[in-house]
Amino acid sequence: MDRRQFLKIAGFSIAGFILDPSLDIRPKGLFANTAKQKITSYIRKWGMAINLDACAKKPGCRACIDACNIVHNVPGLGSPKEEVKWIWKSPYPTVFPEHIHIINREEIKNLPVMVLCNHCDNPPCVKVCPTKATWKREDGIVMMDYHRCIGCRYCMAACPYGARSFNWFDPRLFLKTVYQDFPTRTKGVVEKCNFCEERLIRGLLPACVEVCKENALIFGDLAAIDSDVRKILKQRHSIVRKPHLGTEPKVFYIL
Amino acid sequence: MFKGSREVEARMYDKIKIIAGIIIFLIIMLTPFWYNSLTGKAAYIPQLKIGTDARQCVENTLYMKSNHANLLNKWKESVVREGMRVHKAGDGKLYIISLTGTCLNCHSSKAQFCDRCHDYAGAKPQCWDCHVVPNNAVGRWE
Ligand code: SF4
Ligand code: SF4
């Protein structure tokens with residue numbers, strides 16, 4: 001057999017391995033199956049509605065922020081540049097730059113608006129993550145696997161809502177109390193709101209929703225016709241952030 | 001070929017130096033082993049305080065001794081990536097998958113159970129960088 005003949009045969013055999021799925025020689029177990037995410041046989045689509053009027057009734061209230069920070073061990077760094085944010089307030093014109101003209105109601109225009117990860121149906125942060133540390137579950141929650149995050153911050157650059165924060169410091173140094181039921185993160189990973197998936201699995205509402213006395217936050221299954229969130233979205237006019245980007249947010253704002 | 005007696009002598013002199021060098025090297029190299037065997041430190045194995053009266057962990061003891069790291073890795077993937085939070089043990093029993101809940105519920109002292117062996121083996125698991133040891137005060141983590 002000469003060299004040319006050998007290369008031909010070798011090439012065909014390798015092609016055979018690749019084409020025949022029963023002879024899969026690719027390494028297994030290196031990456032988890034990130035596409036499958038069956039929580040129950042019935043697939044939910046979690047979503048949230050934020051009622052700006054209800055929120056406006058209590059200026060200065062930050063019950064939802066505090067609740068979220070406590071149950072997720074979100075460190076309070078105090079400096080806006082290095083802050084870790086899961087749910088926070090932002091001025092209306094910053095949140096809805098494209099909706100300023102349609103709002104005549106001054107009280108809403110000047111209102112700080114609650115913002116969090118939108119758990120986009122078409123999340124750009126997921127597309128850019130090189131390690132699949134962030135991915136979208138079947139129930140719509142855009143998840144973070146802190147074990148796998150390498151801190152490259154592509155997702156932060158990709159998210160058009162600034163919903164992700166980077167841990168520049170060991171978060172434990174900035175926690176007054178440590179909530180025992182949830183891990184802290186480490187220096188060098190990205191984090192964000194997880195729609196309280198650890199609470200949903202126990203049949204609880206997200207912490208921010210549960211704690212809000214004004215019922216400004218309404219959470220539920222967008223796939224179920226009779227869910228609270230679907231009902232209010234049917235009754236009232238709602239907008240989402242930056243709809244022209246096509247990220248399809250699942251956090252809706254009721255006007 | 002003829003060799004002068006002076007050359008042979010010089011070679012023998014080298015031989016002595018080399019052997020002496022090897023012996024000194026071996027003495028220095030083996031000192032820690034002798035030291036440990038003479039002082040009885042080699043026979044030391046860490047004494048763990050298991051912290052529970054339960055007869056068996058989520059799997060049998062032998063399996064847990066050699067495979068707990070693998071099991072914890074699988075648990076991590078299972079909860080975080082697949083949303084699956086229940087472990088079905090070999091004997092059919094069901095357990096909630098949780099490092100700080102299920103594991104540390106029985107093995108209540110991390111210092112006397114986990115750390116003693118890990119320190120002895122020089123293994124530094126990163127679990128505790130994020131996972132919270134129950135009833136521990138902030139700032140006590142190393
Ligand atoms: S809001 Fe940002 S972080 Fe959240 S899913 Fe959308 S792109 Fe990703
Ligand atoms: S849904 Fe949960 S994680 Fe997200 S902002 Fe609310 S409390 Fe925080």
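Caption draft 1: Summary view of the overall build of chain A. A count of helices and strands for chain A gives 10 helices and 10 strands. Evaluated residue by residue, chain A yields a buried proportion of 45% over its 255 residues. For chain A, restricting intrachain contacts to residue pairs at least 6 apart in sequence, the fraction spanning at least 24 positions comes to 66%.

Caption draft 2: How the structure looks around the site of ligand 1. Lining the immediate environment of ligand 1, one finds 13 residues, of which C117, C120, C125, C159 and R164 of chain A sit closest. Considered class by class, the residues forming the shell around ligand 1 number nine nonpolar, two polar and two charged.

Caption draft 3: Structural view of the interface of chain A and chain B. Taken together, the 30 residues of chain A in the interface contact 19 residues of chain B. For the pair chain A and chain B, the two sides together bury roughly 1900 Å², of which 50% comes from carbon and sulfur. When residues of chain A are sorted by the area they lose upon contact with chain B, H147, R172 and Q180 of chain A head the list and together hold 36% of the total. Where chain A meets chain B, there are three salt bridges. One salt bridge in this structure joins E77 of chain B and R148 of chain A, with 3.3 Å as the shortest N-O distance.

Caption draft 4: Layout of the pairing of strand β1 (residues 46-51) of chain A. Residue and element names in this part refer to chain A. By the criterion of burial, β1 is predominantly enclosed, with six of the six residues buried. Pairing between β1 and strand β8 (residues 217-221): five bridges, direction antiparallel. Paired with W46 across the bridge in β8 is D221. When β1 meets strand β10 (residues 251-254), the two strands line up parallel, connected through four bridges. Residue pairing for β10: I50 is matched across the bridge by Y253.

Caption draft 5: Focus on a nonpolar patch on the surface. All names here are of chain B. Together, I18, I22, F25, L26 and M29 give the surface a local cluster of nonpolar side chains, amounting to about 490 Å² of exposed area. Along the chain, M29 turns up in helix α1 (residues 5-39). Its relative accessible area of 42% is what places M29 among the partly exposed residues.

Caption draft 6: Structural view of the layout of surface pockets. Residue and element names in this part refer to chain A. By volume, the second largest pocket amounts to about 490 Å³. Residue lining of the second largest pocket: 22 residues in total, with R62, N69, V74, P75 and G76 positioned closest to the centre. When contributions to the lining of the second largest pocket are tallied by element, the ones reaching two or more residues are α3 (63-71) and β2 (87-91). The element best represented in the lining of the second largest pocket is α3, accounting for four residues. Here the residues of the lining of the second largest pocket sort into 12 nonpolar, five polar and five charged.

Caption draft 7: Spotlight on the sheet that holds β10 of chain A. Residue and element names in this part refer to chain A. Spatially, the four strands line up as an open sheet ordered β8-β1-β10-β9, and their pairing is mixed. At either margin of the open sheet sits one strand with a lone partner, and together these are β8 and β9 (238-239). Across two bridges, β9 lies against β10 in antiparallel orientation. Paired with S238 across the bridge in β10 is I254. Contacting β1, β8, β9 and β10, helix α10 (residues 228-235) crosses the sheet at an angle of about 115° to β8.

Caption draft 8: Broad picture of the site of ligand 2. Ligand 2 sits among C68, H72, W86, I87, L116, C193, N194, F195, C196, P206, A207 and C208 of chain A. Broken down by class, the residue content of the shell around ligand 2 amounts to 10 nonpolar, two polar and no charged.

Caption draft 9: A look at the confidence of the model for chain B. Residues and elements named next belong to chain B. The predicted model of chain B has a mean per-residue pLDDT of 85, with 85% of residues at 70 or higher. Ranking the helices and strands of chain B by mean pLDDT puts helix α2 (residues 61-82) first, with 94, and α1 last, with 84. Counted against residues more than four places away or in other chains, residues 137-142, with its pLDDT under 50, gives 12 contacts. Across the predicted assembly, pTM comes out at 0.78 and ipTM at 0.75.

Caption draft 10: View of α3 of chain A. All names here are of chain A. Among the residues making up α3, those that are buried are C64, I65, A67, C68 and V71. Seen end-on, α3 carries its buried residues on one side only, within an arc spanning 165°. For α3, the secondary structure elements touched by its buried residues are β2, β3 (112-116), α9 (207-211) and β8. Note on α3: the residue one or two positions beyond its end, N73, has a positive phi of about 50°.

Caption draft 11: Examining the side chain of H72 of chain A more closely. Residues and elements named next belong to chain A. Counting through the fold element by element, H72 comes out in the loop between α3 and β2. Exposure remark for H72: the relative accessible area of 0% places this residue in the buried category. Of the polar contacts made by the side chain of H72, one reaches the side chain of E198; its length is 2.8 Å. The residues touching H72, leaving out its near neighbours within four places in the chain, are W86, F182, P183, R185, N194, C196 and E198.

Caption draft 12: Quick peek at α2 of chain B. The first and last C-alpha atoms of α2 of chain B sit only 27 Å apart over 22 residues, clearly below the 32 Å expected at 1.5 Å per residue. Of all the bends in α2 of chain B, the largest measures some 80° and sits at N67 of chain B. Within the span of α2 of chain B, buried status applies to M64, L71, W75, S78, V79, V80 and R81 of chain B. Looking at the buried residues of α2 of chain B, the elements they touch are β4 (134-136) and β5 (142-144) of chain A together with β1 (86-88) and α3 (99-106) of chain B. The backbone nitrogen of L62 of chain B lies 3.2 Å from a side-chain oxygen of the residue at the head of α2 of chain B, namely N60 of chain B. Just beyond α2 of chain B, the residue with positive phi is G83 of chain B, at close to 65°.

Quick notes on the rules
Residues numbered from 1 in each chain as written. Chains lettered and ligands numbered in written order. Predicted model: local features only at pLDDT ≥ 70, side-chain atom pairs only at ≥ 80, totals over all residues. Heavy atoms only, no water. Helix = DSSP H or I, 4+ residues; strand = E, 2+ residues; numbered from the N terminus. Buried < 20%, exposed > 50% of the residue type's maximum accessible area, 1.4 Å probe, protein only. Contact = heavy atoms within 4.5 Å. Near = heavy atom within 4 Å. Nonpolar A, V, L, I, M, F, W, Y, C, P; charged D, E, K, R; others polar. Buried area = accessible area lost by both parts, 1.4 Å probe. Salt bridge = Lys/Arg side-chain N within 4 Å of Asp/Glu carboxyl O. Pairing = 2+ DSSP bridges. Patch = residues over 30% accessible without salt bridge, like charges linked within 9 Å, V, L, I, M, F, W, Y side chains within 5 Å. Areas by Shrake-Rupley, 256 points an atom, 1.4 Å probe, with all protein chains shown as cover. 1 Å grid on protein atoms, 1.4 Å probe; cavity = no way out; pocket = protein on both sides within 12 Å on 5 of 7 lines; lining within 4 Å. Points joined across faces, edges and corners; volume = space filled by probe spheres on them. Axes fitted to C-alpha atoms, helices over the stretch in contact; angles between N-to-C directions. pLDDT = per-residue confidence, 0-100. Arc of directions from axis to C-beta. Polar contact = N/O pair within 3.5 Å; in protein donor to acceptor, adjacent residues only side chain to side chain. Expected span 1.5 Å × (residues − 1). Bend = angle between axes of the 7 residues up to and from the residue.

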